[in-house]
Every structure is written in C-alpha cells, then in structure tokens.
Amino acid sequence: MRTLRVDLGERSYPIVIKRGLLSEIGSGASGLGLKGRAAVVTNPTVADLYADRVMKGLKAAGFNPVLITIPDGEEYKSLNEASKVYDGLVKHRMERSSPIIALGGGVIGDMAGFVAATYLRGVPYIQIPTTLLAQVDSSVGGKTAVNHPSGKNLIGAFYQPKAVYIDPEVLKTLPERELKAGMAEVVKYGVIWDEGFFEFLEKNSGVLYSIGRELTHAIERSCEIKAEVVGKDETESGLRSILNLGHTFGHAIEAASGYGTYRHGEAVSIGMVMAVGFSARLGLCGTEIEERVRGLLSSLGLPTDAPDIPAEALMEAMRLDKKVSGDKLRFILVTGLGKVVLKETPEAEVREFLLSLKKG
Ligand SMILES: NC(=O)c1ccc[n+]([C@@H]2O[C@H](COP(=O)([O-])OP(=O)(O)OC[C@H]3O[C@@H](n4cnc5c(N)ncnc54)[C@H](O)[C@@H]3O)[C@@H](O)[C@H]2O)c1
C-alpha cells in the first residue's frame, strides 16, 4: 500500500493506492471521521461490477449507504443529470456531514464532485476512480464540472475530495481502448516532469498493460507528480497549466473531428506529439525528443499522427478553447524530457506548423 498526500493546508488529503483496496473503502472512510449516511454515485456499468463490494464495505464500517446511478456516457455529465442526483440526495435526506462517494471514471468523478461542491453549499466527497485516466488524472486535484451544450466542463468548481482511493485491480475489467487512452496521461507526466519516469515507461512498455506491479508503480508516480503540481498551484494560475501538455492540439482535434471520434487520451497522445514537434520546430528541443515521445506512445498502442483535418478548422477550434489571449495561442512546449515551458505563440506560427505537417 502507498499513501501519498496532496498538500493544501486544511484541504489536504490522502491518495491511497493498493491492490484490492475496493473492499476496504468503508474503514478508510470512517477513519476520516465520516459516518452515517453516504451516497455512492456511479453508473450501471460500474455498479454491476463493483457497487456490491463498496456498499458491503461501507455497511460493515457502520455507514448507511444508498446507491445513486446516472446513465453511462459523457453526454450525461450535464446539469440535467446533476439535478437528478440532487433529487436523490434530498430524497435520502443526505445531510451536511453525509459523504458522496464517486465510484467510476472521470465522468462520474467530475459530476459527483460538482454535486458535492454545490449540494448544501458543499458536502464531503471521496473519489474511487475506476478508469486509468481517472486514477492518474481526474480524481486528483479537485477540478469538478459538468458540461454545457456549448462546451465541455463550462460549469464547475475547484473542490477537493477528502480522500482518493485507488485500486489498480479494477482496471482488469476496463475495455482495452480506455486503458490505452489513460496511458497517454501517464506518458505526459514523464514528458513534463520526470525523465527517469519516462525511461521507466520506455523500458516497461511491453508489460504495463498486464496490470501488474509496473502499472501500479506508474499510477503511483503519476499521482505523486500530479499531487506535487496541484499542491503548488491549486487553481491553475501558473504551474498547474503544464498538465495541459498536448491538450491545446488535442482538444482542437477532438472538437474538429466531432466529439466521440477520439477518446480524450487518444487526442492528447496525438496532441503531445504535435506539441513536441512544434517545440522542435521552434528550436526549443531536438527532434530526437519528438521521436522518443512518438515511439513510446506508439509502442503503447496510442495514435500519434494528426488526422486529416484542415489547418484552418484546427485553428478555429483552438481559438474557441480557453487557451487564447489576443491573437496568441498558449502552449505548453518541451525544452527537454521532463522540462516544459508555457509559451504564447502568434497564430501565424501555429498555422505554419500545421501546414508543415500536411506537407511532411
Ligand atoms: N477533473 C479533471 O481534472 C479531469 C481531467 C481529465 C479528464 N476529466 C474528465 O474525465 C472524463 C473522462 O473520463 P474517463 O476517460 O474515465 O471516461 P468515463 O468516465 O466515461 O469512463 C469510460 C468508460 O469506462 C467505463 N468504466 C469505468 N470504470 C470501469 C471499469 N473498472 N471496468 C469496466 N468499465 C469501466 C465507464 O462506465 C465508461 O463507459 C471527461 O468528462 C473529462 O472531461 C477530468
């Protein structure tokens, strides 16, 4: 078992990582001083697999848990669905001290976190992430949100959980495509923060998907890096933006190709290769770094080539994203493995780079 800590003063919390942890959530939660009613928010897919184990553990620890499910899918990360969760909480008379327990991937975590931030002006919540993406990224750091019809995550709050409980065993039931998509975020930590971790991933790319101790180590190191970054910049006023490596290009690919074509992690994988390629073009790093990032992602079964989308459509999508100031676009660029800089780049340079990809 590994226990990490997100250090945020009185909002600090533990991230506990242990194989088989799912059955022990109840005692963990009561150890945090929580008791009484608890609402487990999940979806039918995850509920069928894991709700029993979590509910039993909560009951054994003296909780009186109820299960609230929302349908499975990004399209249900909405205010409308959140409103139904509030209805459930009111119906079950959840009080200020009753914890909400998010059991699922990033969709459930973001939405249950948002509900926890707003129900009765804030109730405690616990993250039990069940996808790789949620375990290494979305469950840590307190970004909660629902989508608006005109954009993803437009309605939300920074609201930290009381604890994050990660059981790598649950990844055994995760569809392969989801597992791979989550791995893009793992690689991202190596690129932005830790060359040694990047090398570890290169060395172990053949065994990571067997969900053994190498993957557990990768989850631990990813969480450790995210915790350190969030501990230094909770609300993304500076350092935290380095976690967006590959996301400006990635979001543009997701938007311009129509949401649903790519999993978020797949778009980030392509976006990361583009960001490193752009960095090399601007002379910030050598092309060998681009080759290593591309090589690692592709050995992990992730896409690395930009789809055939006109440069102008990508430019338009990037302008609509949140990372724009004036006629400059904001990018996290790479100066070496484990080293990045935030750079505002004139649109013309970005367009030229995109056009160069078409020629290449
Ligand atoms: N808050 C943040 O910091 C942050 C960061 C990155 C992404 N996100 C958000 O995360 C969301 C994407 O999350 P995701 O990739 O986890 O997708 P997801 O939550 O939709 O889960 C993917 C699929 O896997 C299923 N699933 C989950 N766990 C399973 C398991 N153990 N076994 C079998 N099936 C399982 C889900 O039911 C779903 O069908 C997006 O809404 C994105 O905006 C948030």
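Quick word on the overall build of the protein
Counting secondary structure elements, the protein contains 13 helices and twelve strands. For 360 residues, the compact-globule estimate of 2.2 N^0.38 gives 21 Å, and the C-alpha radius of gyration of the protein, at 20 Å, lies within 12% of that figure. With the principal axes as the frame, the protein shows a C-alpha extent of 65 × 40 × 35 Å. Here the protein holds 360 residues, and 56% of them are scored as buried. Within the protein, contacts between residues separated by at least 24 positions form 73% of all contacts whose residues are at least 6 apart in sequence. A total accessible area of about 14,800 Å² is found for the protein, and carbon and sulfur atoms account for 50% of it. For the protein, the centre of its 43 positive side-chain charges and the centre of its 44 negative side-chain charges are spaced 5 Å apart.

Structural notes on the packing of aromatic side chains
Each aromatic ring pair is summarised here by two numbers: the centre-to-centre distance and the angle between the ring planes. Per the stated rule, a full pass over the model turns up seven aromatic pairs. For the ring pair Tyr125 and Tyr159, a centre distance of 5.6 Å and an interplane angle of 10 degrees mean the geometry is stacked. Taken as a pair, Tyr125 in strand β6 (residues 125-129) and Tyr159 in the loop between β8 (151-158) and β9 (163-166) lie far apart in primary sequence, 34 residues in all. With a centroid separation of 6.2 Å and 15 degrees between ring planes, the pair formed by Phe197 and Phe200 is classed as stacked. Linking Phe197 with Phe200, this pair stays in helix α7 (residues 195-204), spanning three residues, or about one helical turn. Residue classification places Phe197 among the buried positions, given a relative accessible area of 3%. Here a set of aromatic residues connected by ring pairs shows up, and it is made of Phe249, Phe278, Phe331 and Phe353. Over the face of the ring belonging to Tyr189 we find Lys188, whose NZ or CZ atom lies 5.1 Å from the ring centre.

Looking at the packing of helix α6 (residues 176-193) against helix α8 (residues 213-232)
Between α6 and α8, whose axes approach to 10 Å, the crossing angle comes to 55 degrees. Put simply, α6 runs oblique to α8. Classified by chirality, the crossing of α8 by α6 is left-handed. For the pair α6 and α8, the contacting residues are Met183, Val186, Tyr189 and Trp193 in the first and Leu215, Ala218, Arg221, Ser222, Ile225, Lys226, Glu228 and Val229 in the second. Among the residues forming the contact of α6 with α8, the class breakdown is eight nonpolar, one polar and three charged.

Rules and cut-offs
Residues numbered from 1 in each chain as written. Predicted model: local features only at pLDDT ≥ 70, side-chain atom pairs only at ≥ 80, totals over all residues. Heavy atoms only, no water. Helix = DSSP H or I, 4+ residues; strand = E, 2+ residues; numbered from the N terminus. Rg over C-alpha atoms; globule rule 2.2 N^0.38 Å. Buried < 20%, exposed > 50% of the residue type's maximum accessible area, 1.4 Å probe, protein only. Contact = heavy atoms within 4.5 Å. Areas by Shrake-Rupley, 256 points an atom, 1.4 Å probe, with all protein chains shown as cover. Lys, Arg positive; Asp, Glu negative; His and termini not counted. Charge placed at Lys NZ, Arg CZ, Asp CG, Glu CD. Phe/Tyr/Trp six-rings, centres within 6.5 Å; stacked < 30°, edge-to-face > 60°. Lys NZ or Arg CZ within 6 Å of the ring centre and 35° of its normal. Axes fitted to C-alpha atoms, helices over the stretch in contact; angles between N-to-C directions. Parallel < 35°, antiparallel > 145°, perpendicular 65-115°, else oblique. Left-handed = near helix turned anticlockwise from the far one by under 90°. Nonpolar A, V, L, I, M, F, W, Y, C, P; charged D, E, K, R; others polar.

Take it as geometry only, folks, not as evidence of what the structure does.
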